[in-house]
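Residue-level structure breakdown
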Amino acid sequence: MSSVSPSMPSAAVDLSVVVPAYNEEERLAPTLDAIAAHLREHENRFGAWEVLVVDDGSTDATRDVVTAASARDRRIRLVTSPRNRGKGHALRLGVLASAGRRVLLTDADLAAPIEQLELLDKALAEGNAAAVGSRTVAGATIERHQSAAREFLGRAGNWLIRRVAVPGVRDTQCGFKLFDGDRAREAFAASRLTGWGIDVEILQHFRRAGWPVAEVPVRWAHQPGSKVRPLDYLRVLAELTALKLRAVRPADVLAAAAFLLMAVALYSGRWADPAHRYLPDSLQDQNQWEWFFAVTADHVAHLRNPFFTTLQGFPDGVNLMANTVMLGLTVPFAPVTLALGPAVSLALVTTLGLAATATAWYALIVRRVVRHRGAAFTGAALAAFAPPMVSHANAHPNFVVLFMIPPIVERTLRLCAGTRVVRDGVVLGLMAAYQIFLGEEPLLLAALGMVLFAAAYAVVRPEVAKAAVRPLLKGTAIAAAVCLPLLALPLYWQFFGPQSYTRVLHAPNMGNSPRALLSFAERSLVAGDRTTADALSPNPTEQNAFYGWPLALVAFAFVVRLWERPLVKALAFTAAAAGLLSLGPRFGIPLTHMTVPGPWALFAHLPLFESVIEGRVAMVCAPALGMLLAVAVERLVHTPRVGRQFLGLTAVAAALIPILPAPLRSVERAPVPSFIADGTWRAYVGKDETLVPVPLPDSGNAEALHWQTAAGLGFRLPGGYFNGPYGPERVGIYGASPRFTSSMLRDVSFTGVAPVIGKNWQAQARADFAYWKAGVLVLPPQPYQDRLRETVDLLVGRPGKWVGGVWVWDLHEAGRPAPARTTLPAPHR
């Protein structure tokens, strides 16, 4: 409760002055005298006035000072609060008790002299709804500074406020502001903060309402006896956080929660037991990615070079920067990996990353495409959970965790507006640098998609494109100037460091079939077709199209219906062009034996593009189709014709239901042999030696990487599953450069046929074992294990022993004391 006294006459009031006061008996009297004297002297300018002093539960004689001033001039009134609740509460009481056409807020210390009112009044007369006194804009004068610490905290606070709440206002906390009275009362009535953050809340209200705010330079002098304490800066930060949280719409929270539930449902099989479940459609990629998380965490824990390791591919090693290790997440998740294991970290990153990506697309669509939250949700769901994204969700986090791509698109669009080119260029550079550490190929594909969109939009809106060229080029140059120094060392290591390579060797044509764009993926809940999907894609992780013919048909119908919109034309071109490029340098005409050149031939041999799997370009279609769908759904929702709305929304449902993703397949993981799990291997592998699985790990069988992570990365492996150089041209291949023995063992494991082992093969094996610094050979149970065991027996010259669930051959020199070990009976064959 509050009270106001004495009552004012019923005459209209032109200006209300609100002064919050808490224990201000020493400073308040001269302040009120100065205000009243100035307003009396300039009554012809400011008109009828009132001064409302809000006593915020003072414990001194503040009320007596106001009562005495009111006795001298009844236009000075006292507003009281029974207890101290903060400056925000006091200002709200005062403004809501005011009656003026304009409302001035000023502090009790009058740090900004009342004579500065004329400057604020002039700004209001020019059509602004508020005039904010500022100590930081050009023309401001500070006659007496605060302490260095307070000034630093003030600048930091204002910077944070500009970033999260009121962009464009450099000094929100100067206690000298003039408002349009009715709008001020509306804003303060809607306010909730009770502390120092009230200024930010009110200005944010004005900004969202579209009411113009002018920042006016004033003369200001710090006055002793300030009520602001160091702890108050933390309180302002807490209030800003509360303000930011309240600004989030419930629909936005529900959308983010729904995306998280969708991601959890997709990975539900793994979440049943992350450490012991495996996604079989990932082939060997789950083993590889868990290894990436484990080795990065180990590097962080021991402060090792994060760009290189010899734990795989010994002795040459692995250039981690030239592999997609996602340091942008594997490094921050290192504590989780060390505490809970790489399997849990990978499950968390893929699940949370997919949900974050969908939320980021949703935010971009709401900000740039449609306002209707349901339409935005539909578009974002398609952008993040389209069939190609679900395919990559099995094995490729770098193509699933794309939460930085929508902000990069948004920042690029801001550059085109040309309002804050330097700031937006710097932010874009930082974003691009971080995305490099998440995935370079997705950034390249996103850039390609933006170029396609920009080209189409420039054709349909040439005047907009012309205006955007200069700020876009300038901002991009600034972004490059920010990004490249941050990436100089990592990129040098990637392209010129140990085990770097020139390009990745793929199959001659990894493009999509035209049929793949219209067919259904294996993991579609309703229309999944494994036979067709397998026939039209290299493997389950590379089903890069499969949008289904119903979605293509509905998208085409919406494009025709909404063709008058430039955005629709540009999005349609982007989706169509990306789909065409994804067909590769040559593609076959369905139902014929003809092949024709594809436009990808223009890119296939360009630097960077030559390493891209061209079928992945179809992933660009997902956000483009998602935005098209969002535009169409919003149009349908707002159409007044119920019949048309029903038919349109039914068509959208018919297009999306067939491609709804089913949960990813999950199976029980093969157990780690006890030879590895219980540490028996330590008796066989010296400090500088390796453990050699039979056959050596490669992209077709990388289970040994799981052994290695289960053993805490305690031993090194020759071979492995990674990208490394091969031959004098240093072409990138999957795995280590093959040697005679590794190739022979691999062939035996696939065919069951071994060459005749003579002295030549034995000599070659000894040379390869020495090259690998092999301490022990380990053969786990597998197909053709008998033929593999016989082959290795002949290569080594003695039979292996069954130890801890595997066959082992100790390669240490004769005469060396045999390490202690437990020999178990051989398995039944």
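Residues numbered from 1 in each chain as written. Predicted model: local features only at pLDDT ≥ 70, side-chain atom pairs only at ≥ 80, totals over all residues. Heavy atoms only, no water.

**Thoughts on the overall build of the chain**
This is how it is decided: Labels follow the DSSP assignment, with helices taken as runs of H or I lasting at least four residues and strands as runs of E lasting at least two, numbered in each case from the N terminus. For the exposure calls, accessible area comes from a 1.4 Å probe over protein chains only, and a residue counts as buried if that area is under 20% of its type's maximum, exposed if over 50%, partly exposed in between. Every residue pair with non-hydrogen atoms within 4.5 Å of one another is taken to be in contact. Calculation of accessible area relied on Shrake-Rupley with a 1.4 Å probe; when residues are assessed, cover is drawn exclusively from the protein chains displayed.
Each helix and strand in the chain was counted, giving 32 helices and 22 strands. The buried share of the chain, reckoned over its 829 residues, is 54%. A fraction of 77% describes how many contacts in the chain between residues 6 or more apart in sequence connect residues 24 or more apart. Per element, the accessible surface of the chain, about 36400 Å² overall, is 62% carbon and sulfur.

**Some words on the nonpolar core**
Rule in force here: Buried residues of nine kinds, namely Ala, Val, Leu, Ile, Met, Phe, Trp, Tyr and Cys, make up a nonpolar core once their side-chain atoms join them within 4.5 Å.
In terms of nonpolar packing, the biggest core is built from 137 residues, with Phe 259, Leu 625, Phe 675, Ile 676, Leu 691 and Phe 715 touching the most fellow members. Per-element tally for this core: the top contributor is helix H26 (residues 621-638), with 12 residues. Leave out the neighbours within four places in its chain, and Phe 715 touches Leu 311, Ile 676, Trp 681, Val 685, Leu 691, Trp 707 and Gln 708. In terms of nonpolar packing, the next biggest core, distinct from the first, is built from 36 residues, Val 17, Val 65, Leu 120 and Ala 131 among them.

**Details of the packing of aromatic side chains**
As a reminder, the rule being used: Stacked, tilted and edge-to-face are the three classes applied to pairs of Phe, Tyr and Trp rings, where Trp contributes its six-membered ring and a pair requires centres within 6.5 Å; stacked means planes under 30 degrees apart, edge-to-face means over 60, and tilted covers the rest. Placement of a positive charge over a ring is assigned whenever Lys NZ or Arg CZ falls within 6 Å of the ring centre and within 35 degrees of the normal to the ring plane.
Taken as a whole, this structure holds 19 aromatic pairs when the rule is applied. Ring centres 6.5 Å apart and planes at 45 degrees place the aromatic pair Phe 403 and Tyr 434 in the tilted group. With Phe 403 in the loop between helix H17 (387-393) and helix H18 (405-417) and Tyr 434 in helix H19 (residues 421-436), the pair connects residues that are 31 residues apart, well separated along the chain. Counting every residue linked through ring pairs, the aromatic cluster contains Phe 179, Phe 188, Phe 206 and Trp 211. Of note, Arg 739 hangs over the ring of Tyr 771, and the distance from its end group to the ring centre comes to 3.9 Å. The ring of Trp 807 carries Arg 789 above its face, with NZ or CZ at 4.4 Å from the centroid.

**Remarks on the environment of Val 731**
Inspection of the secondary structure assignment puts Val 731 in strand S19 (residues 731-734). The buried category is assigned to Val 731, whose relative accessible area is 9%. With 227 residues separating them along the chain, Val 731 and Val 504 place their C-alpha atoms 6.1 Å apart.

**Observations concerning unusual backbone geometry**
Residues Phe 314 and Pro 315 are joined by a peptide bond in cis, for which omega reads 5 degrees. Along the polypeptide, Pro 315 turns up in the loop between strand S12 (308-309) and strand S13 (318-319). Of note, the amide linkage connecting Val 694 to Pro 695 takes the cis form, showing an omega dihedral of -5 degrees. Among the structural elements, Pro 695 can be located in the loop between strand S17 (690-693) and helix H29 (703-710). Backbone geometry at Leu 713 places phi at a positive 55 degrees, although glycine is not the residue there. Within the secondary structure, Leu 713 sits in the loop between H29 and strand S18 (723-726).

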